[in-house]
Amino acid sequence: MAVRHARPAAPPAAPGTAEADFHTHTTRSDGVLEPEELARQARAAGVRILGVADHDNLAGYRELTAAGAGPLPDGLRLVPAVEINSVAARFAAGLPEGELHMLGIGVDPDDEAFEAALADQRGARRIRFFKMVDRLRDLGLAVDAQVAMLDLSADDALGRPTVARALVAAGHALDVEDAFARLIGHGCPGYVPRGGLDPIAAIRAIRDTGGLASLAHFPEAPDREPLLRELMDAGLSGLETHHRSFDAPTRSAMSATARRLGLVETGGSDYHGDHGPYADTHAALVMPDWLVDGVMARLGGGPGPGQTVAGRP
Ligand SMILES: [Zn+2]
Ligand SMILES: [Zn+2]
């Protein structure tokens, strides 16, 4: 399997070393870059294996790989992925926002049953989005004018970052972090709980379509082994030990937990685009080669139906 490559002749746009990123977002969910632009920026930063993991949505991956689409950046392999923000009421004690985020890495983009499940998730997202807009209006924090400027015709996965950016544009928040901290984060006045799949159902849906189900950005994992074991019983087989936000001690504690439980380690930038170009985020991403090899081995290595695409001729 051709995972290891020589460095490109041109230096990366930033001094990041990661050659893979299994967790990124585009405008097909709540990211700010078009899929094509994300692919371009990621490759320019030195990435060779890119997981486009939009929330509840494989549209970005499909567009990039569709017949008739422009060529992928030279040397870039795409991995079809999704992130399902599952409602974890039953496990809620101590969970941030009562949610667990499940990455499905290497899912089958042509699986109609899986697509139907994702469409239901997107429907729940849209309902929540407009409930939040309504609530913010009631609070005197109207974002209707900003939302009216969005193209909501597509079946994209609307998310709270979209609301947060509208709040910033309307002058109700200083930046996205401020919007979450004061207005739309869990426990804030504009917060509306999510609907949709629970973690067990999300894991099963990912498993059923051949994906690697990996629990995303959950630094509490070392203290929550019974929870992890219950999720493993449903088919969880990965743990995102190298999320871009984790410091070295967190990464090593997460890795130790993954090894103890026999979970495949995954990692990624979780890039949305709110902090500037991809290269800036990539510079803070740590992705050891053994981790990349482990994920790719789990996905079957080379390009195959529903797993990876090595690039179109
Ligand atoms: Zn997430
Ligand atoms: Zn994410």
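Residues numbered from 1 in each chain as written. Chains lettered and ligands numbered in written order. Predicted model: local features only at pLDDT ≥ 70, side-chain atom pairs only at ≥ 80, totals over all residues.

## Some words on the overall build of the chain
Scanning the chain from N- to C-terminus turns up eleven helices and seven strands. By residue count, 48% of the 313 residues in the chain fall in the buried class. A separation of at least 24 residues holds for 76% of the contacts in the chain among residues at least 6 apart in sequence. (Helix = DSSP H or I, 4+ residues; strand = E, 2+ residues; numbered from the N terminus. Buried ≥ 20, exposed ≤ 12 C-beta atoms within 10 Å, placed from the backbone. Contact = placed C-beta atoms within 7 Å.)

## Points about the pairing of strand 4 (residues 99-105)
The element strand 4 is largely enclosed, with a buried count of seven among its seven residues. Judged by which residues are buried, strand 4 turns out to be covered on both faces: Glu99, His101, Leu103 and Ile105 on one side and Leu100, Met102 and Gly104 on the other are all buried. Pairing geometry for strand 3 (residues 77-87) and strand 4, over seven bridges, is antiparallel. In the strand pairing of strand 4, Glu83 is matched with Leu103. In this sheet, strand 5 (residues 212-215) lies alongside strand 4 in antiparallel orientation, the contact comprising four bridges. (Pairing = 2+ DSSP bridges.)

## Things to note about the nonpolar core
Membership of the largest hydrophobic core comes to 65 residues, with the highest contact counts inside it found for Leu50, Ala81, Met102 and Leu215. In contact with Ala81, not counting residues within four places along its chain, are Phe22, Gly51, Val52, Ala53, Leu103, Gly104, Ile105, Gly106 and Val107. (Core = buried A, V, L, I, M, F, W, Y, C linked by C-beta atoms within 7 Å.)

## A short note on the pairing of strand 1 (residues 20-24)
Within strand 1, five of the five residues are buried, which leaves it mostly tucked inside the rest of the structure. Summarising the sheet, strand 1 and strand 2 (residues 49-52) pair through three bridges and their orientation is parallel. Residue pairing across strands places Ala20 opposite Ile49, the latter belonging to strand 2. As a crossover connection, the stretch from strand 1 through helix 1 (residues 35-44) into strand 2 is right-handed. (Right-handed = clockwise from strand over helix to strand, strands pointing away.)

## Details of the sheet that holds strand 3
The sheet built from seven strands is open, its strands ordered 1-2-3-4-5-6-7 with mixed pairing. Strand pairing shows two members of the sheet lacking a second neighbour, strand 1 and strand 7 (264-268), which therefore form its edges. Neighbour-to-neighbour, the strand axes of the sheet open up by a mean angle of 30 degrees, direction not taken into account. This element, helix 1, spans strand 1 and strand 2 of the sheet and lies at about 150 degrees to strand 2. Contacts between helix 7 (residues 199-208) and the sheet are confined to strand 3, strand 4 and strand 5, with strand 4 contributing the most and set at about 0 degrees to the helix. (Axes fitted to C-alpha atoms, helices over the stretch in contact; angles between N-to-C directions.)

## Regarding the packing of helix 5 (residues 160-169) against helix 6 (residues 176-184)
At a closest axis distance of 9 Å, the pairing of helix 5 and helix 6 adopts a crossing angle of 100 degrees. As far as their axial angle goes, helix 6 and helix 5 are roughly perpendicular. Between helix 5 and helix 6, the contacting residues are Arg160, Pro161, Val163, Ala164, Arg165, Leu167 and Val168 on the first element and Val176, Ala179, Phe180, Leu183 and Ile184 on the second. When the residues that make up the contact of helix 5 with helix 6 are grouped by side-chain class, the tally is ten nonpolar, no polar and two charged. (Parallel < 35°, antiparallel > 145°, perpendicular 65-115°, else oblique. Nonpolar A, V, L, I, M, F, W, Y, C, P; charged D, E, K, R; others polar.)

## As for unusual backbone geometry
Backbone geometry at Asp56 places phi at a positive 55 degrees, although glycine is not the residue there. One can find Asp56 in the loop between strand 2 and helix 2 (59-65). The phi dihedral of His217 is positive, around 25 degrees, even though this residue is not glycine. Residue placement: His217 occurs in the loop between strand 5 and helix 8 (225-234).

## What about the environment of Leu183?
Here Leu183 lies in helix 6. A tally of 22 C-beta atoms within 10 Å means that Leu183 is categorised as buried. Each C-alpha atom of the pair Leu183 and His172 lies 9.1 Å from the other, and the pair is eleven residues apart in sequence. Leu183 has contacts with Leu141, Leu167, His172, Ala173, Cys188, Pro189 and Gly190, leaving out every residue within four places of it along the chain.

## What about helix 7?
Those residues of helix 7 not exposed but buried are Pro199, Ile200, Ala202, Ile203, Ala205 and Ile206. On the buried face of helix 7, the contacting elements are strand 3, strand 4, helix 3 (112-138), strand 5 and helix 8. Just beyond helix 7, the residue with positive phi is Gly210, at close to 85 degrees.

## Overview of the confidence of the model for the chain
Taken residue by residue, the chain gives an average pLDDT of 88. The fraction at 70 or more is 88%. Predicted confidence is poor over residues 1-14, with pLDDT under 50, and the contacts of this stretch with residues over four places away or in other chains come to 20 contacts. Residue range residues 302-313 is modelled with pLDDT below 50. Its contacts to residues more than four positions away, or to other chains, number 25 contacts. (pLDDT = per-residue confidence, 0-100.)

## Observations concerning the environment of Gly75
Position of Gly75 relative to the elements: it lies in the loop between helix 2 and strand 3. Distance from Gly75 to Gly46, taken between C-alpha atoms, is 9.6 Å for residues 29 residues apart in sequence. For Gly75, the residues in contact, after removing those within four places along its chain, are Arg43 and Arg48.

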